[in-house]
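What follows is the residue order along each chain.
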Amino acid sequence: MSAINNVNSFDLGSSSSVSSWLYRIANNKVIDYYRTNKQNLDICDYLDYSESFDINQDIDNKNKLDEIMSFLNTYKKDQRDIVIYKIWYDMSYNEISEIT
């Protein structure tokens, strides 16, 4: 709804893509939601577990994810976001620069 309500704010003459503009709106909405509700986000809560998972593999994956999150938390938020956009969302550096 935010995109529709603010479609006239998108500059067609700019080098920004529509997808980057929409992603930035969505990103801001998520940040606003968690800031308003003062909830801490844990990536483990959002992992999809299949019905036939191996508990040993699950524990190993959890440990690896904890290591990754510990490593990412050594970066400033802006730097961490860039890594996440690049690796998890497979965004180009141009898309990331438009968002950030």
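Just so you know, these numbers come straight off a predicted model, no measurement behind them. (Residues numbered from 1 in each chain as written. Predicted model: local features only at pLDDT ≥ 70, side-chain atom pairs only at ≥ 80, totals over all residues. Heavy atoms only, no water.)

Description of the side chain of S2
Then comes step 1: When you line up the elements, S2 lands in helix 1 (residues 2-5).
Then comes step 2: Sequence-distant contacts of S2, defined by excluding residues within four places in its chain, comprise I25 and K29. (Helix = DSSP H or I, 4+ residues; strand = E, 2+ residues; numbered from the N terminus. Contact = heavy atoms within 4.5 Å.)

Brief notes about unusual backbone geometry
Then comes step 1: In this model, D90 sits at a positive phi of 50 degrees, which is unusual for a non-glycine residue.
Then comes step 2: Structurally, D90 is set in the loop between helix 4 (77-87) and helix 5 (93-99).
Then comes step 3: Given a relative accessible area of 64%, D90 falls into the exposed group. (Buried < 20%, exposed > 50% of the residue type's maximum accessible area, 1.4 Å probe, protein only.)

As for helix 4
Then comes step 1: Along helix 4, the residues that are buried comprise R80, D81 and Y85. Buried positions in helix 4, seen along its axis, are confined to an arc of 135 degrees and lie on one side of it. (Arc of directions from axis to C-beta.)

What to know about the pattern of salt bridges
Then comes step 1: Within the structure shown, the criterion is met by two salt bridges.
Then comes step 2: Of the charged contacts, one joins K77 and D81 as a salt bridge, the two residues approaching to 2.6 Å between their closest N and O atoms. Of this pair, K77 and D81 are both found in helix 4, four residues apart, which corresponds to roughly one turn of the helix.
Then comes step 3: Look at D81 and you get buried, because its relative accessible area is 17%. (Salt bridge = Lys/Arg side-chain N within 4 Å of Asp/Glu carboxyl O.)

Note that every value here comes from positions in space, so none of it alone points to a role or purpose.
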